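# Architecture and fold: a report
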Amino acid sequence: MNLHRFFAEQAFQKAQPQLDSRRDFLKKASTATLAALAAGAPRSWAADAAMREIAPTADRVIVLWMAGGMAHTETFDPKRYTPYRDGLSSNEVLSTFPSIPTAVDGVHFSEGLENLASVMDRGTLIRGMQASDLGFILHSRHQFNWHTGYVPPQTVAAPHIGAWIARTRGAADPAMPAFINIGQRFNLGEGEELKAFTTAGFLGSEHGPFNVAFPEDAADAVRPPEGMSAGRFTNREKLYRQLLAESPIGEGGSDYQKESLLRAMDNAHRLLNSPSAKAFDLSLEPEANTRKYYPAFKPGTRFEAPRDRMGGKYEEGMIGRFGLGCLLARRLCESGARFIEVTTEYIPFFNWDTHENGHSRLVGMKRMIDAPIAQLVRDLEERGLLDRTLVVVASEFSRDMMVEGKPDNRITNQVEVPDVINDPKFYGMHRHFTAAGSVLLFGGGVKKGYVHGVTADERPCKTIKDPVKITDLHASIYRAMGIPPDHGYDIERRPFYVTPDGHGKSVDALFRG
Amino acid sequence: MCSFFRAFWCRAAVPLLVTVLPVFAKDYLPLTLEQQALLPDPVAYTVDFVRDIQPIFEESCTQCHAHGKSKGVFSLETRDDFIYGGDNGTAAEVGRSAESLVVAMISGLKPDIIMPEKGKELTREQVAIVRAWIDQGMVWPDEINFFEIERSNLHPVELEDIAVPDDFANPIDGFVNDTFATQSYTWATPVDDRTFARRVWLDTIGLLPPPEALADFLADDAADKRVRLVQELLGNQQAYAEHWLTFWNDLLRNDYQGVGYIDGGRKPITDWLYSALANNMPYDEFVAELVDPGMAAEGFTKGISWRGAVNASMLPPMQAAQGVAHVFLGVNLKCASCHDSFIDDYTLADSYGLASVYAEGPLEIAECDEPTGDMSRVKFLYEEIGGLDTTANREMRRRQLAEIITGRKNGRLPRTIVNRFWHRFFGRGLVEPIDEMDRPAWSPELMDWLAEDLVAHDFDLKHTLEKILTSRAYQLPVSLTGEAEDYVFRGPEVRRLSAEQFSDAIRSVAALPYPRNTSKVNRHAALTGGLAEELPLRPKWIWTTADAAQGAKPENVTFKRVFNFQKAVDEAIVTIAADNGFTLSVNDKRVASVSKRSNTGVFVKDVGKHLQMGQNEFTIVGTNFYPDGTPIRLRPGQTELPPTPPETYNSAGMLLYARIRAADQVHDMVSDQNWTVQQAKAEPRAAVEMGGVDLAPWRIGEHFLELAAAPVDRLPVERASLVAADPLMVAMGRPNREQTVTVRQEEATTLQALELTNGETLARLLKDASDQILEDSNVTGDRLVRRLYQYTLSRPPGKTELVLANQLLGSPADSAGVQDLLWALTALPEFQLIY
């Protein structure tokens, strides 16, 4: 070997001193990290830095995702109410519902959220969430930003916040997937874009998500395939084991590929056979409880409302699906899930994406979320889980009648709003507003009955005190989970942090002292 | 992503900082006691050199004081160098950080001498870390240094200058033998025929050996049968293309669904790619067409765009630079797209230099998304190999870049691809990681020979594949040495079936095709090239002016042509390409429209049912968008279209071939001056012919004619590479291809195992396959077990296996039994792994 080559090798070796050999890594690795063995797999960056340790105030997170842009002035931050009349000036309308009081003096919600209002004394309300300026509104892109902290495109696949938490805190119960995602289908509009962030990205697929599109079918995800009896399933497994023993490269010998394969199969069977799997089965919940989440519940309910963009009826037809998702989340929490997201489901022009009929749609949306979220909070509290469960109700941005983007940084309007309204379909918040937004938090160490941030009472109803950037909201969620904002993992020999560049700052005012 | 930069660097220093340490002044003294009192206290925790110190050095010091440079006679390439210090003596002594020269300089407390000289001072926290490190003993692992880096694998060598060891028919084995000899290791016995066959079938065409073909191979006594098998498999044009399509789709980020398509922010290249693979396009030509593309291959360098503002480091030209460097040169410019890299010596200027080839004009360099005010200069990464003409226009620059990259002076191109092949077959590259081609190979001679042999054989990839697959090295038994600390080559590692191979294997057992060709690729056209020559006419690109290919006004123009038929029309296949889009109407009925922004694909449709006896009118409204992709359409609130000054002019053209079959006679019609063209508020006139299918910038060439000549692909869809990913494939590791993937995750995960155990997709697939198997044959019991073993594991079952398998199968075998046995067999490591 010539001297130059020798030096070159030396120089390169120094570049990756952290690299354990795969063999060494295997020895140290927990089951969950075995998946990370691939070449170029992420390695923890700051995980063992004692200086960066923070004590967690929560052991699990539930994100309740208001997909499509939830208007703050129509939900948790109501302003002056203007009832509908023909000839109404658009600019006059701030809220299309009256305000109602909450359990906290001086804090008001919008009509239709009475149940949530009654539990506000357990929660913290952020009123000044600041969605990022991405130059143009594309829901999935803002959702990508909210869920990963990063703005696409990225040079490596950015992990979902659930995957970051799953990777860092691990599964709370070894049989339970650490990151469970409830309520989103991926074969509707912008489905590919949704997939782009509903992923563990470079962290590796071991860290989720475990997707359950319809909560009422969740049990299917953890029981034998349709049409297969339990007896047949057990028999198949038993004979597989015997065939494995007979296979010339079966149990004998040793290589890490095979070990990882067999271990994964063991884990899968462990989940399928574990008591935790029962948590997925909503039919095991007493019906009376289920009705608290979905009053009209009947066993065998399926959700198949036709999507009619103009009628505003879709949301009505879907009432109950999100509620059952919340119930499922509670059951999974009780059985050791680490991160759960329940979404109202993002479908372009449906649910919270109120491009038209904003007012009438919201009646349905509020019915969809009000009782279940409040019940989830009560149930967690009753079971002694709320203190260690952080519940986050959030949306990618807010809405306004007039302003697209931020008042001082407006972007191309995508929604036609007439100056004067002569049709109820124009009555509602239809443009995408990024200068304010409500995030409701419960449990997991946050204050009770606290409101953080103030928005203007007149248009533009932007944040005028204590804005919270998504990065800092993330840092706060991570703080609750005991994860520093500059915690990260190496990918392609570069560190990638839970908050961009490790710069997130948790909003400490949200937490109890 | 510039996490690294921001976290450690932006806080500490201004952008584009060149940290020049000045000569230590003779009269320079350490800090006074008063100044020492102002220093931050050392941090309390144990400092780790790699985690805490190395980043600070690399960001602030090594550019001037390492890698062969020693400003101020100070170098920190090694611990000894560091302690030795510079002009003014030792840099630091253990335990005495407050008095050390280095801390004095980085502390910012001596206004006349602050390190880094030209930037902002280090943060107090960083100073505190350096102090603690000095006080704790300046622990510096021996293996770490900052020596000068020499790039490997860059320059070509002459094939005749490579000393090929004697005594081996295949030079690869000679080089491997040399390596073994230095390790006093002797060759292991090659694998048996069965193992070899399974390996080579999967590696060449991605399928398991069909039992009959395997039996023939095993029964063959000829000494050269392995070589013949490899040649035969490589000769299977279609199977080869449909296997390697996956490899290239991963590299080139080509997929049939995914982010970007909703907005036209992405363009597939499948037709081009399939044809290139099916026809074994020479690799230099292949790369040239991707680097300097016509319309069929431009998707690769167009990148993926989302609507809205994009980080400067991910603008489409930057994506193109990253893609070209990554895929063809084996280097990662992702770091250097944001700031000068800390892990290698690529700089921001390098990335922007390459990106500028693809940009319309000079790019303003942004560092970590902050504009610097500096403009980029067109530049190739390795100027010693070739320079780009900075005054050339974009077309010229791209052509020059393609010439440099595929030119004889670039030794990196062939080395990168042979390394990828080697990695694919052996589980580990000659250079590892495979995307760090600046590193040396474990056998540089073998690397050089493989690369130069490829070049000497006119970049015939199949030639190199054959060389590797017929080597004795490839026939070695599997080795586990890849997991060891110091890699030594002992043979291929155990590899895993890819998602596509897994899915295809199950379907092949039952001869069960996929329901749809979601790739939409016309394989018939690609595999039967030559039909195009028989077409009687040659279409012309037409528009309103002769120079519209260089630039034309953004507008909609209407082309018309009247055609008479005496007989009833059976079929009328129209093949159209248009820049940017078109709407086709036949007899005033709108029959097709392609209007997505950035569309420049080829569109094929049978419009026969819209034609009638007698006179028919074809109308095509061609649309030339604004350069930013804005269509020619009034937006809400607009009363007139935006103005079209000359700077909005961009390439416009329409190309058409129609084959109309009526009563067994074929009438051909093409775009030419026999069409009329009409602009808004003007009278129709003859369309202007600009040139044939090879006209730049589209250069769509034969490909267009192939599609016109063989418009319909009725081949069964047998390969997962042609269909969109399903949940099973995703679970098995098929990536979403929004990033370049050169190495897939091969390890099993629990979620994957869950998908295999109770996933709906696999359950349905097994059911369909089992039903098909039962329908196609009346074998049952032992015969069926044997057949399934042969198909899945390429071997007969043992006695015990036969008994167990029959238990699963049931008697008589029903679909559930076949499903369960198929499931059990495909869940075995013996099935899922390649030994």
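Residues numbered from 1 in each chain as written. Chains lettered and ligands numbered in written order. Predicted model: local features only at pLDDT ≥ 70, side-chain atom pairs only at ≥ 80, totals over all residues.

### Looking at the overall build of chain A
Per the secondary structure count, chain A includes 13 helices and 23 strands. With 513 residues in all, chain A has 57% of them scored as buried. A separation threshold of at least 6 residues defines the contact pool for chain A, and within that pool the share at least 24 residues apart is 76%. (Helix = DSSP H or I, 4+ residues; strand = E, 2+ residues; numbered from the N terminus. Buried ≥ 20, exposed ≤ 12 C-beta atoms within 10 Å, placed from the backbone. Contact = placed C-beta atoms within 7 Å.)

### Concerning the sheet that holds strand 5 (residues 555–565) of chain B
All names here are of chain B. Taken in spatial order, the six strands make up an open sheet running 8-7-10-5-13-14, and their pairing is antiparallel. Here the strands that pair on one side only, and so sit at the sheet edges, are strand 8 (589–594) and strand 14 (685–686). Pairing between strand 7 (residues 581–586) and strand 10 (residues 614–624): six bridges, direction antiparallel. Residue pairing for strand 10: Ser585 is matched across the bridge by Thr619. (Pairing = 2+ DSSP bridges.)

### Some remarks on the sheet that holds strand 17 (residues 439–442) of chain A
Residue and element names in this part refer to chain A. Pairing is mixed across the open sheet formed by eight strands, whose spatial order is 9-8-10-2-11-17-6-18. Edge positions in the sheet fall to strand 9 (210–212) and strand 18 (450–452), since each has one partner strand and no second. Between one strand axis and the next, the sheet turns through 15° on average, direction left out of account. Direction of pairing for strand 8 (residues 179–182) relative to strand 9: parallel, over a ladder of three bridges. Across the sheet, residue Ile182 finds its bridge partner in strand 9, namely Val212. On the sheet, helix 11 (residues 321–334) packs against strand 2 (60–65), strand 8, strand 10 (339–343) and strand 11 (389–394) and is oriented at approximately 170° with respect to strand 10. (Axes fitted to C-alpha atoms, helices over the stretch in contact; angles between N-to-C directions.)

### Here we look at the pairing of strand 8 of chain B
Residue and element names in this part refer to chain B. In terms of strand pairing, strand 7 meets strand 8 through five bridges, oriented antiparallel. Within strand 8, the position partnered with Leu584 by the bridge is Ala592. Between strand 7 and the antiparallel strand that follows it, strand 8, lie two residues; Asn587 among them carries a positive phi value of about 50°.

### Let's talk about the domain arrangement of chain A
All names here are of chain A. Taken domain by domain, chain A comprises domain 1 (17–223 + 281–510) and domain 2 (232–278). Of note, the centres of domain 1 and domain 2, computed from C-alpha atoms alone, are 37 Å apart. Each partner contributes to the interface: domain 1 provides 14 residues, whereas domain 2 provides 11 residues. Its residues placed into classes, the side of domain 1 that touches domain 2 shows seven nonpolar, three polar and four charged. (Domains from an automatic or database assignment. Nonpolar A, V, L, I, M, F, W, Y, C, P; charged D, E, K, R; others polar.)

### What about the pairing of strand 1 (residues 364–367) of chain B?
All names here are of chain B. Alignment of strand 1 against strand 2 (residues 370–375), held across three bridges, turns out to be antiparallel. Directly across from Glu364, in strand 2, lies its bridge partner Met375. As consecutive antiparallel partners, strand 1 and strand 2 are separated by two residues, and within that stretch Cys368 has a phi angle of approximately 50°, a positive value.

### Observations regarding the environment of Ala546 of chain B
Residues and elements named next belong to chain B. Inspection of the secondary structure assignment puts Ala546 in the loop between strand 4 (541–543) and strand 5. You can call Ala546 exposed: it has 11 C-beta atoms within 10 Å. C-alpha of Ala546 to C-alpha of Glu689: the two residues are 143 residues apart in sequence and 6.5 Å apart in space. Contact partners of Ala546, with chain neighbours within four places excluded, come to Val688 and Met690.

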